[in-house]
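So you can see what is in the structure, the chains are spelled out below.
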Amino acid sequence: MDVEEHTAHETAANAHGMTDHGRHAGHEMHAEHRMPAGSKEHRGHDAHAGHSVGMFRDKFWVSLLLTVPTLVWGHMLQRAFGYKAPHFPGSVWIAPAFGTAVFAFGGSVFIQGAVRELKAHLPGMMTLIGLAISVAFLFSAVVTVGYPGMPLWEELATLVTIMLLGHWIEMRSISQAQGALGALAKLLPDTATRILGDRTEEIPVDQLQAGDVVLVRPGARIPADGIVREGSSQVNESMITGESRPIPKNAGDKVIAGTVNGAGSLRVEVTGIGDRTVVAGIMRLVEQAQASRSRAQALADRAAFILTLVALGAGLITLIAWLALRSGDMAFAVERVVTVLVIACPHALGLAIPLVIAISTTQAAQSGLLVRNRRGLEEARNLNAVVFDKTGTLTKGEFGVVDIATTDGLATDDAVRLAAAVEADSEHTIAQGIVRGAQERGLDIPRAEGFESIPGKGAKARVDGRELYVGGPALLRARLLQLPPALREAADRAAHRGQAAIYLADERKLLAMFAVADVVRPESKEAVRALHERNVEVVMMTGDARPVAEAVAAELGIDTVFAEVLPEQKASKIEELKRRGKRVAMVGDGVNDAPALVTADVGVAIGAGTDVAVEAGDIVLVRRDPRDVPRLIALSRATYRKMIQNLWWAAGYNIVAIPLAAGLLAGYGFVLSPAIGAVLMSASTIIVAINAQLLRRARI
């Protein structure tokens with residue numbers, strides 16, 4: 001599956017925008033790191049479009065400085081602490097002047113956001129904040145010029161300042177959640193060592209072209225995607241694939257930009273530059289997943305809209321009620337209205353889902369689980385059946401020695417070594433499986449002489465001065481060799497499992513029997529066990545004969561087997577499971593399994609490597625490791641728990657907060673000021689952000 005790999009790299013720093021998360025997203029992070037070449041600034045079209053972390057930080061500190069004199073010369077602190085502020089000509093205008101400055105400078109961002117929301121007919125967080133500070137400002141201005149009442153300059157200034165602080169903290173949380181995405185771009189080195197004939201030159205990475213050959217020294221980061229032309233080393237790809245073990249790289253192997261070379265030196269031909277490298281492809285995939293809609297997000301958006309309407313209604317009722325109860329005490333009534341509008345702001349509700357999405361998607365990418373469709377990750381928590389394609393998924397998709405029997409006390413390692421020597425020059429897949437078996441055992445394969453292929457029967461060669469033969473049952477018949485009981489028993493066992501029996505013989509007798517089959521991945525048994533622990537039925541689907549399929553299923557403890565299934569029948573088998581009431585995931589290679597991946601509730605393309613452009617599947621598993629499937633389910637369930645916890649907290653606290661803000665306990669002397677309301681609202685947002693960050697600790 002060599003679909004073109006997509007990614008991007010540019011040494012110049014570009015601003016990077018946040019993903020959309022309903023009406024409370026689109027904050028534009030001005031993260032100073034290298035981002036994909038050609039990637040444009042992603043500006044949201046919601047209440048915070050075009051805002052940055054730095055903008056809220058700067059507005060907060062300036063507003064805080066302006067708020068201090070407002071408080072010192074205002075009535076609130078003087079009354080509370082019993083002091084008199086310094087008096088001089090014009091000092092009575094300090095609180096109004098500085099309060100107005102805070103409203104104009106710090107509050108403008110909320111007013112502008114409210115205007116955008118109202119133009120879009122989607123009143124929300126900015127509408128409530130904008131309305132609250134506008135009411136407080138207008139009332140205070142009217143009182144200052146002569147209307148009877150107590151102005152709210154201190155309340156207005158502290159409200160705006162605290163709201164700016166809350167937004168700054170929130171945007172930093174989102175920025176940190178997506179920091180892993182930007183960290184991918186930072187993996188790329190600034191320069192590369194290009195080889196020109198018999199000399200080298202250091203050049204900026206963005207000057208590399210496809211076809212260039214670069215020198216990658218030990219310990220250096222690989223500057224571009226490419227193919228190893230010379231050299232041998234081990235490369236740390238954990239930052240891209242999540243695979244902790246270094247990967248051996250030899251001539252002809254692909255390497256990924258940003259990964260770290262080991263102790264060897266490599267000469268790499270560049271194949272991927274700019275937005276055709278792996279790193280930016282993963283970044284693009286993560287961005288798309290974070291921007292894609294989920295059912296939980298739709299619920300949060302709907303709840304935020306309803307809460308906005310409830311807050312507006314509660315504010316109006318509060319105004320009417322207190323004007324009636326306190327005989328026209330406009331100052332108190334306005335203060336209650338402002339507090340209601342602020343405390344009911346759906347700030348935390350707007351952050352509840354998007355922050356979890358940002359964290360879970362980047363965490364998945366770091367673990368080698370690339371999310372193409374958010375709903376696929378969301379639905380994975382409900383799975384109760386996982387269907388694995390056998391070949392290349394549960395097995396390696398290549399022949400290997402799975403059983404050995406010998407005669408006359410011949411050691412198994414010696415038998416494998418001799419057979420591998422005979423087969424070393426053969427291109428046959430079974431022969432290569434025997435050679436690979438010797439290599440995996442770390443055996444020294446002796447040199448063979450006089451290799452000769454025997455058509456339809458096997459091969460022969462002289463090894464260590466002996467004429468040796470390797471072949472199947474036809475070789476036995478041709479050489480008139482008899483099966484000793486020990487080898488016959490092993491051959492019968494292999495035949496029952498659908499495995500091929502390959503024999504080693506000399507001129508006079510049989511020496512050993514090798515059962516050769518598609519080798520089961522050592523990780524598969526652990527994956528099946530982990531799925532069973534999560535009460536998930538494990539199904540295997542294969543085109544192989546039933547004896548072969550049953551043998552693999554028995555070895556792994558698989559619950560259900562669909563054998564002798566043609567590629568065009570795979571989707572119907574998924575439908576069959578769904579008719580039984582199963583929530584089904586299909587795990588395949590994304591090529592001939594594509595119809596089944598689309599039919600399943602969740603399609604998982606496994607073993608795509610760094611080919612992030614693969615079209616099939618909701619989830620792409622970078623590694624060909626079936627253990628990533630239970631990890632996917634664990635991440636889905638942990639993500640859903642965090643979403644629900646955040647939704648309950650964000651919406652639930654309003655049940656208590658709105659009545660208190662309206663003055664329900666005023667008769668008992670308990671009244672919330674607008675500033676305290678802003679603190680509580682910001683605190684609820686911070687709690688939601690902290691709870692979402694705890695998702696990073698989830699064990700997957």
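Residues numbered from 1 in each chain as written. Predicted model: local features only at pLDDT ≥ 70, side-chain atom pairs only at ≥ 80, totals over all residues. Heavy atoms only, no water.

A. How the structure looks around the sheet that holds strand β10 (residues 260-261). Pairing in this open sheet of three strands is antiparallel, and the strands run β8-β7-β10 from one edge to the other. Looking at strand neighbours, the two that pair on one side only are β8 (247-249) and β10, the edges of this open sheet. Note: strand β7 (residues 233-236) against β8, three bridges, orientation antiparallel. What sits directly across from Q234, in β8, is P248. (Pairing = 2+ DSSP bridges. Helix = DSSP H or I, 4+ residues; strand = E, 2+ residues; numbered from the N terminus.)

B. Representation of helix α21 (residues 570-579). All of the buried residues in α21 are K570, A571, I574 and L577. Projected down its long axis, α21 shows its buried positions confined to an angular sector of 115 degrees, all on one face. The inward-facing, buried residues of α21 contact β13 (385-389), β20 (537-541), β21 (560-562), β22 (584-588) and α22 (594-599). Where α21 ends, the next residue or the one after it, G581, has phi of about 90 degrees, a positive value. (Buried < 20%, exposed > 50% of the residue type's maximum accessible area, 1.4 Å probe, protein only. Arc of directions from axis to C-beta. Contact = heavy atoms within 4.5 Å.)

C. Broad picture of the packing of aromatic side chains. For the structure on display, the rule yields seven aromatic pairs. Judged by centre distance (5.8 Å) and plane angle (40 degrees), the rings of F60 and W168 are tilted. Of this pair, F60 sits in helix α1 (residues 53-72) while W168 sits in helix α6 (residues 153-177); the two residues are 108 residues apart in sequence, bridging distant segments of the chain. We note that F60, like W168, is buried. An angle of 70 degrees between the planes, with centres 5.8 Å apart, marks the rings of F137 and W153 as edge-to-face. Residue F137 is located in helix α5 (residues 125-144), and its partner W153 is located in helix α6; the two are separated by 16 residues in the primary sequence. An aromatic cluster is defined as three or more aromatic residues linked by ring pairs; in this entry it consists of F60, W61 and W168. Between R326 and the ring centre of F332, over which it is positioned, the NZ or CZ distance is 4.0 Å. Geometry around Y640 places R381 over its ring, the cationic atom sitting 3.4 Å from the centre. (Phe/Tyr/Trp six-rings, centres within 6.5 Å; stacked < 30°, edge-to-face > 60°. Lys NZ or Arg CZ within 6 Å of the ring centre and 35° of its normal.)

D. Broad picture of the sheet that holds strand β23 (residues 602-606). Across the sheet, which stays open at both edges, the seven strands sit in the order β12-β24-β23-β22-β13-β20-β21 with mixed pairing between neighbours. Either end of the sheet is taken by a strand with one partner, and the two such strands are β12 (369-371) and β21. In this sheet, neighbouring strand axes are inclined to one another by 20 degrees on average, regardless of whether the strands run parallel or antiparallel. (Axes fitted to C-alpha atoms, helices over the stretch in contact; angles between N-to-C directions.)

E. Expanded view of the nonpolar core. Counting residues in hydrophobic clusters, the biggest one holds 70 residues, and the most contacted among them are F110, L156 and M163. Dropping the residues within four chain positions of it, M163 is found in contact with F110, I129, V342, A678 and M681. Counting 33 residues, the second-largest nonpolar core is a separate cluster that includes V538, V561, V587 and V602. (Core = buried A, V, L, I, M, F, W, Y, C linked by side-chain atoms within 4.5 Å.)

F. The arrangement of the side chain of D518 in detail. By the secondary structure assignment, D518 is in strand β19 (residues 510-520). A polar contact of 2.6 Å, which involves the side chain of D518, links it to the side chain of T395. If near-sequence neighbours (up to four positions away) are discounted, D518 is found in contact with K390, T391, T395, K396, G397, E398 and F399. (Polar contact = N/O pair within 3.5 Å; in protein donor to acceptor, adjacent residues only side chain to side chain.)

G. Unusual backbone geometry, seen in detail. The backbone phi angle of L480 is positive, close to 55 degrees, even though this residue is not glycine. Structurally, the position occupied by L480 is in the loop between α17 (473-479) and α18 (485-496). You can call L480 exposed: its relative accessible area is 71%. One non-glycine residue, E564, lies in positive phi territory at about 55 degrees. Of note, E564 is situated in the loop between β21 and α21. Taking the relative accessible area as the measure of exposure, E564 reaches 51% and is therefore exposed.

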